[in-house]
Each structure stands twice: as structure tokens, then as C-alpha cells.
Amino acid sequence: MSEPIRLQYTVPGDDFARAGEASADLKSTLKRLGLPAAAVRRIAIALYEGEINLAIHAGGGQIDVSIDDDAVEMVLSDQGPGIPDIELAMSEGFSTASAQVRSLGFGAGMGLPNMKRYTDEFAIRSTVGLGTTITMRVKVS
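So, a few notes on the structure that sits alongside this text. If you're wondering where the values come from, they're calculated on a predicted model, not measured in any experiment. (Residues numbered from 1 in each chain as written. Predicted model: local features only at pLDDT ≥ 70, side-chain atom pairs only at ≥ 80, totals over all residues. Heavy atoms only, no water.)

Read from one edge to the other, the open sheet built from 5 strands follows the order β1-β2-β3-β5-β4, with strand pairing classed as antiparallel. Taken across any chain shown, the strands that pair with only one partner, and hence form the sheet edges, are β1 (5–12) and β4 (121–127). When strand polarity is set aside, the average angle formed by the axes of neighbouring strands in this sheet is 10 degrees. With 7 bridges joining them, strand β3 (residues 71–77) and strand β5 (residues 131–139) adopt antiparallel strand pairing. When the sheet's bridge partners are listed, Val72 is paired in β5 with Val138. Packing of helix α2 (residues 37–57) onto the sheet brings it into contact with β1, β2 (60–67), β3 and β5, and relative to β3 it is tilted by some 5 degrees. (Pairing = 2+ DSSP bridges. Helix = DSSP H or I, 4+ residues; strand = E, 2+ residues; numbered from the N terminus. Axes fitted to C-alpha atoms, helices over the stretch in contact; angles between N-to-C directions. Contact = heavy atoms within 4.5 Å.)

With 30 residues, the main nonpolar core has Leu26, Ile63, Val72, Met74, Leu76 and Leu112 as its most contacted residues. Counting residues per element, the ones that place at least two in this core are β1, α1 (21–32), α2, β2, β3, α5 (111–117), β4 and β5. No other element matches α2, which puts 6 residues into this core. Beyond its immediate stretch of four places on either side in the chain, Met74 contacts Leu26, Ile43, Leu47, Asp64, Val65, Ile134, Thr135, Met136 and Val138. (Core = buried A, V, L, I, M, F, W, Y, C linked by side-chain atoms within 4.5 Å. Buried < 20%, exposed > 50% of the residue type's maximum accessible area, 1.4 Å probe, protein only.)

Next up on the list: the layout of surface pockets. As a volume, the largest pocket reaches approximately 670 Å³. Along the walls of the largest pocket sit 33 residues, with Asn53, His57, Ile83, Thr96 and Leu112 positioned nearest its centre. Elements supplying a minimum of two residues to the lining of the largest pocket: α2, β3, α3 (86–89), α5 and β5. When grouped by side-chain class, the residues that make up the lining of the largest pocket number 18 nonpolar, 12 polar and 3 charged. (1 Å grid on protein atoms, 1.4 Å probe; cavity = no way out; pocket = protein on both sides within 12 Å on 5 of 7 lines; lining within 4 Å. Points joined across faces, edges and corners; volume = space filled by probe spheres on them. Nonpolar A, V, L, I, M, F, W, Y, C, P; charged D, E, K, R; others polar.)

Don't take any of this as a statement about function, it's just geometry.
Structural data, given as C-alpha cells:
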């Protein structure tokens, strides 16, 4: 690739049937591009977790993906309520998901920890009342 490939996805809020479409599409694209299977798996897991978080907590959001020869970068942004305590939110098992969301099998408090676990670089910026931006990067070469 000479120029990075750029993709953009919109994740609707509270639509669990559609949350996962972006990660499935990106996974398919990365396979077609011939990226290593282990990297594709990590990227798909991290992005799926991010999509679910956008749907559950933020009322939806935007995902911008950049694919180049060295890495895949995913930037998830929303205008949701923000995260008041990022350190606490990064704790495995911590969740602010509603009982209804939990009854659907989501909201176990592993989203952010898994996003960090499956990426090589992970950064989160959040402002209460304004939203959250998460940048994840997975090396592919």
C-alpha cells in the first residue's frame, strides 16, 4: 500500500443487532488485504468491544480506521456522557451497564480492558458531558 486505506463507520446507539457490523466488515477487508490472521483477530476483537461500548454507553458514535503497511489504527469517538473515572472504568469487571443491557449478555465490564489487551497502543481521552475518544493501534508487520 502506498497510501493508507481509510474507512469510516457509524455505530448507532442502543442497536445491538447492528453493533458488530463495523468489526465484521473490517475483519473481512483485512483478510482480503492479506494481513496476518493473528493481527486480524486482535483487531476484530478490540473493535467489536469498542462498538458494543459505543452502543451501550454513548448513544452511538463514529469509528475512523486507517490501514497502512505497518499498522491498523482505529479511532472511536462519541458525544456521550464521558467517563468520570477512567482508571476505574479500566478495571476488569467494572460496568455502568443497565440491568436490561446485562440481561442481553453485555456489560460484563471487560470492554475497555479487552480493547487495551488486544492492541499494541491504546489511549483514551474523555470529558464528562462532552464524550470520549479512544485510539487503538495494532501492528501488522
